[in-house]
Structure formats: structure tokens, C-alpha cells
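Reading the structure
For reference, the chains in residue letters:
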Amino acid sequence: MVAVPRAAVDNRTMLSTMLLAATVAPQAPAAGPGGPALDEMDRAILSWIDQGFVPGAVLLHERIGEEASAATTRALGRVGRFDGAPEMEARTVFDLASLTKVVATATSVMVLVDEGRVDLGAPVAAYLPEFGRNGKEDITVEQLLLHRGGLVPDNALADYEDGPDEAWRRICDLPTREEPGSAFTYTDVGFIALGELVERVDGRPLDRFAAEQIFAPLGMADTCFKPPASLRARSAPTERRGDGWMRGEVHDPRAHLLGGVAGHAGLFSTASDLGRWCRMILGGGAAEVDGEVVRVLSEGAVSEMTRTRWLPGGVDGRALGFDVDTAYSSPRGSGFPRGASFGHTGFTGTCFWLDPAAKAYYVLLTNRVHPDGGGKVTGLRRRIGTLVGRHHGLRETPMRAAVTLGVDRYAPDDLGGKGARVAVITNATGRDARGRRTIDALASDPDVELVRIFSPEHGLFSKLEGDVGDATDEATGLPVYSLYGDTREPTDEMLEGLDAVVFDIQDVGVRYYTYISTLGLAMEACGRKGVRVVVLDRPNPITGGRVEGPACDPERLSFIAWRPMPVTHGMTVGEIARMFRGEWGGIECDLTVVPMEGWSRAMWWEDTGVRWIDPSPNMRNPTQAVLYPCVGLLEGANLSVGRGTDEPFERFGAPFVDGPALAAALSAAEIPGLRFSAIEFTPDASRFAGELCQGVHITVTDRDALRPVEAGLAIVWLLNRLHGADLDLGRLDARLMSQDTWARLLAAPDWRGIAASWAEDVALFLAQRERYLLYR
């Protein structure tokens, strides 16, 4: 990664002592629960400034009601990193970015709902008829407010370059990418449509409607789209556009091309003004302004707006416009109650979070994208959320660790600099923290030119079985070349004219899962052609400490065993790329790995805070990834491993298996970390499709105790003794790829102790991999 530059005016001592404080309430700060947290908040912000992550920040926090704590504003640092940059002030105006979605757009929609002019359950097409085509006919207003309309995160930036009317027409032409209501995909497109809906229903454009119905009544005098010169003069700059800083000019490129007013971005405000809006929400739609109570929304409308809607399984909780519990919930920290508080973030470095039960909130405004888009604020948000909650005595929630992925941390220099021509190897798992495909993030990046796409096994959408053909990506119009069809590696022609090939795919930590083979072959091809390879790193979902199984026999290397590694390697794809380049003969390749932030080797998937997206058709949840190095070993035999059922790799069996007897034998074996129960199932695809199978269902009871490779071989050993006459062992070694271990297993009087056969392989691999590790 390229370090964020510091301007010469950034003096560490000066920043560490700078503290401009103002209160927006007459009381002194309360000394109640967590009082010392005030100093910790200051230290956290100053630390982020000193490290060059943000030039400055404004923090406002308050608890209102019977257990009120003082409303306090802190302004620290400077507004920018340039000579003469003024000190940050409580009245500094910020580009709110996606806070626009809630403060302006969602609130405006709820005003119309309150007035009976919009029905949340009605199709958007009832208000915008031209929107209702290409699968969007039944998308409801509520689904758009929840980011569950099945829309793409962003369409191509080029769609906006011919003016707002043409941009709207192209949005209406977009197809859905998934069934509306079925999944949470954070989308700017949906809120652009909601902004259009407000204007169509009311007649006033969104900026005027919000100003007259929300901001003016609440006394939010510094809140608007397209700030006038008086507000621009005290606005915090973001990045450069043309010859000057964007200061009071919207940062979001689509909102800019739409004239500065859009449903997803474009609003500017101050911490004080946002505090007025938060008090209105916490006040059930009303707030006191200049001694009088002003009502913007009814209590019922606020209740409906802030009610949490969960997807099946209790995941991805959202309210109408608000985030509740998703991968974007870093501002909650551990100080606000999980599932009972809500807020939002903005790309430029802004956020707020509210606890309705405690009537507490905070607003944190930074311009982290200044000066070059390379700043970061996720960790600061988590820390401030924790400290604010502690200071105001809120009910704390144990914090889920959050990981920032490589895709959210790359800089243009990682890809070869501004103007670089790049391709990307990716699939459905390639998404950033906003839910955008990596494809769309690169395609909309003004600093690089995405010219083609490569897809691995299972295709671009991770849904195909067998050979995959070339295609065209509908959203970008770019060609998609398959690396699991006529060729397994990019050809010279495919690499012609490229500066870099980006790799962004979620792996599952198992040698015979083929995405790391695709990575290795691409590194070889790019090395021959002089093209840089850039790996955007992602977590190993079964931790970075799980190294087990024999190394593949060197003479048996193949696409499912590309290098002589143990079955589970305990590495991320970025670390593996580094090891591919340096070991086993090496690869002459210009390699850049963009590492994650916040990941550690002990993390299981749910510890990361990253949303699970199926990396292949039969890898549907993290539990199946845990079991894959166990049950996946059985695929060479005449057994069903659950493909063609709802639970691949969580069950296995065959028509000849005696389910109860097998379950009893496996239970008696006391395989650590697993429990077995007898089942019947009929696969609708793959092996034994349409045939009734008996077998077992596997429950993981202790992931840390489980040794999946050893467990898989224990299952083989017991199956052979129960059903040896019917079990075809001919290709069972096709995944293990170790003749020595396989021979020992078949001859062993007991499966226990078989792991000793690979102890030397594991020790050698651990020593080899040490120099390539990026994380503790």
C-alpha cells in the first residue's frame, strides 16, 4: 500500500496539542458513567490525525431526557493538508456523502408516507412507471429504502455523462441482479430512484422539498445541497477536481454529473445541524427549536422508519434508510446496543449513530478522502462508538471485530498509477464494503481504466458447474474471458495492452479449491508478459491457524493440487501469492498484495464482520467451508456429499449406506468437534440424483477442536469397515493426493494416529510459509 502523504504543515506536536472545544448546551460535561472516556475520545481522534488517516474531525455527542448528559462538540486538527489550511471548527461544513440517503431522501419519503401520498408497500413503478421494467416491476418503496430491491450497487459512470434525463433513462433500463427482497445489496441506484420519486410525487425537486419540509423547520441553516459561497468558504475540502480542491462541491462523481442533487449523495451540513436532526428522530419526529416544538414526522412514521427488518437467519438488519447490523455498522462500536440502535456512514468519512431507548446519539464528521482518497476512518468510528456509549452509560454490546478488505484499501499506485489499464479476475464474492462489485468499483474509478474481466471456475456469478464459456458483463459491457473453459490461464492476447491484472476472489482455505490454482496460473502468464498482478486480500474463513493434512505428492500436481501444500494451508490468497512467487521454483512476477486491515489469524468468518457471499454453488455458508476439507475428501468415492441438496458438505450418504449404523459408529468413534445423526435424502443433482440415499448429517459442535482432514479420513476408515463391499475406493485419494498417507490409512488397525503420517509435511510447510505471512 502507498502511505497517505502528510503535508509539510502537519506538525505532530502541534496536532497532538490542538483542541478546540465548544459546547452546544450550557451544561458542563457530565461526570457520570464513563466520564474519563471524554479524554479517550480526544486521544483517539488525535491519534488518527497524527497517523495521517484524517486531517481533522468534529465530534458531537449527547444524551437527552431524564438521564441527560451534556451535548458536547469537539473540533480537532485542520480542515486540510495544505499550506495555510485553517483549524477545524465546530461550524465546519462537510460533504455528508451517503448520509444524504437518510437525512434527506429517506426522511423526505417518510414525510410523503405520513401525508398519505406514498405507500411503502406499493411498487415504485406506481409512482415512476418507466422504472417498472427489466425485472423491476414489483420492487417496492420499502425494498429500496432497505437496499433489498435487487439492484446493482452502481451502474457505469458513463451512464451519467449525457445529463440527468439520459442518466435516469439508463437507470430505468437496468435489470435486477437478484430477486427483489431476497438479499441486502447496498446500492446508490435505489436511492437515486427514491430521490426521483420524491420529485415526481410532490413536484418539488428533492433539494427544495427537504429544505422546506425538514431543514428549515428544524433550524438546520447550514444544511443544503449545492452550498452557496458563504458555506463553501467554511467547507472541509475532499479531493481535487480539475485544478482545485472540491470544497463545497459534491465529491460523489454520479451526484456531480447529476448537477449536485441526488438521492444518494450531495448533501452538506455541520455537526450541530445533524444534531438537530438526530434529536428530531429521538423525539419521535418532533424537536424543540427556539423554544417551540416543531414536528417533522409523526411518531408512527418514526417508529416505522426505525423498526429493524432482518433477513432470514437474523442477518443484515436494516431499517428504512438506516443501518442496524451489517458489515457497515462500525460506528456502533461496542458502546451502542446491537440490533437496538441504528445509524449510517458516508464515504467521505462521516457517520452518526443513535440509541432510541437511551435517547443518545453521536455525530462524527471527517474528510478522510482528503487529499488523495487514501485516508481511513473505520477503526476510529468503532472506537468513538464504544467511548460515546461508555461515557453516556449505554447498554454495551460485545463488539464484533471488523475487517477492512483489500478492495477497500487499494490506491491507484497499487494498480500501476493513474491511467493504468487493468483487468480483474473475480466472481460474485468480489465486492467492497459498500456492496459494490469490484468490477463496478474499478470501472467507476477515474484513475484507472478497466478493460476486461476474467472469470474462474463456476463463472462470474459463482453459479455454474462444468466448463464455463466467455461472456459479456451486462452492467459494464466489458468482455468476460473464462479461465475455466478452453484455457485455464490468460493467453498473451488476453493480456495485451494491460498494466495490471487484479485478483479479488474469496477462497475457503483448502488446497483443492481451485481459485488459488487460477491465481498461480495467472501469475505465471502475467510474469511472462510483464504484467503486474495485484491481489486484493480477503480472510481465510477457516482461520489462519488451520494447517493440516499431507502435502500433495510432487509428481501428482494438478489444477486441484497446484503446489505441494497440506490440505488446509491457513493462509490468505495474498499470502499464498507471495509464497507462489518465492517457493517451489518461484514465479518471476511483479506482485502487489493489498492487505486487509483488522484481520488476525485466529478469526473465524463471523469475527470479520464481512458478509458471506457464496463463492461457488455448493459453498453456501461458513459452516460448509469448515466441513469442506473433511467431507470434500469423500468426493472420489461413490458417495453423495450433499450436492443437489440444501446442505452440501453437511451430509453424505449413498443408496447402499445403513444410516443408523453409520451414525452409531461415527458417534462411538468420538471424532473431536463433530456430532452425527442418521438421515435420508434424495439429491436433485450430481451423484445419485433422484435416488434415495441413507447417510448422516454432521453438526459442528467445536470448531477449535475439529481437525477436518483427520476427521475425513476417520469417516473413510469407518465407511470401509461397514460398507467395504459396496464402497468404491478407487478415486478416494484424488483429493488427498498422498500415496503414503492413503496406504497407511487402508492398512491401519485404527484411524487414530493417522495424523502422525503428515506431521513432517506440516512442520516443513510451516517453516516455509513463515516469511510470506502478512498477519499475526
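Note that the coordinates shown come from a computational prediction; the quantities given were computed from them, not determined experimentally.

1. Considering the overall build of the protein
Regarding its fold elements, the protein presents 22 helices and 28 strands. In terms of overall size, the protein behaves like a compact globule, its C-alpha atoms giving a radius of gyration of 28 Å where 776 residues would be expected to give roughly 28 Å. For the C-alpha atoms alone, the extent of the protein along its principal axes is close to 85 × 55 × 55 Å. Classification of the 776 residues of the protein by burial places 62% in the buried group.

2. Regarding the sheet that holds strand E17 (residues 420-426)
Sheets are built from strands paired through backbone hydrogen bonds, the pairs being either parallel or antiparallel. Read from one edge of the open sheet, seven strands run E19-E20-E18-E17-E21-E22-E25, paired in mixed fashion. A strand with exactly one partner marks an edge of an open sheet, and here the two such strands are strand E19 (471-472) and strand E25 (591-594). Along the sheet face, helix H15 (residues 515-529) touches E17, strand E21 (500-504), strand E22 (532-536) and E25 and points at about 155° away from the line of E22. Across the sheet, helix H16 (residues 573-582) lies against E21, E22 and E25, angled at about 160° from E25, the strand it touches most.

3. Details of helix H3 (residues 99-114)
If you check H3, its first and last C-alpha atoms are 21 Å apart, about what 16 residues at 1.5 Å a residue would give, namely 22 Å. Along H3, the sharpest kink reaches roughly 30°, centred on Ala 106. Across the 16 residues of H3, 14 count as buried, placing the element largely inside the fold. A positive backbone phi angle near 80° is found at Gly 116, which sits one or two residues after H3.

4. Describing the sheet that holds strand E28 (residues 693-700)
Reading across the sheet, the three strands line up as E26-E28-E27 and stay open at both edges, with antiparallel pairing between neighbours. Only two strands of the sheet have a single neighbouring strand rather than two, namely strand E26 (651-654) and strand E27 (674-681). Going from strand to strand, the sheet's axes swing by 25° on average, the running direction of each strand aside. Pairing analysis gives eight bridges linking E27 to E28, with the strands arranged antiparallel. What sits directly across from Ile 679, in E28, is Gly 695. Most of the contacts of helix H17 (residues 622-631) go to E28, to which it runs at about 120°, and overall it touches E26, E27 and E28.

5. As for the confidence of the model for the protein
Detail in the predicted coordinates should be disregarded across regions flagged by low pLDDT. This prediction gives the protein a mean pLDDT of 91; 94% of its residues lie at or above 70. Taken together, the stretch residues 1-34 has pLDDT below 50 and engages in 72 contacts with residues farther than four places along the chain or on a different chain.

What counts as what
- Residues numbered from 1 in each chain as written.
- Predicted model: local features only at pLDDT ≥ 70, side-chain atom pairs only at ≥ 80, totals over all residues.
- Heavy atoms only, no water.
- Helix = DSSP H or I, 4+ residues; strand = E, 2+ residues; numbered from the N terminus.
- Rg over C-alpha atoms; globule rule 2.2 N^0.38 Å.
- Buried < 20%, exposed > 50% of the residue type's maximum accessible area, 1.4 Å probe, protein only.
- Pairing = 2+ DSSP bridges.
- Contact = heavy atoms within 4.5 Å.
- Axes fitted to C-alpha atoms, helices over the stretch in contact; angles between N-to-C directions.
- Expected span 1.5 Å × (residues − 1).
- Bend = angle between axes of the 7 residues up to and from the residue.
- pLDDT = per-residue confidence, 0-100.

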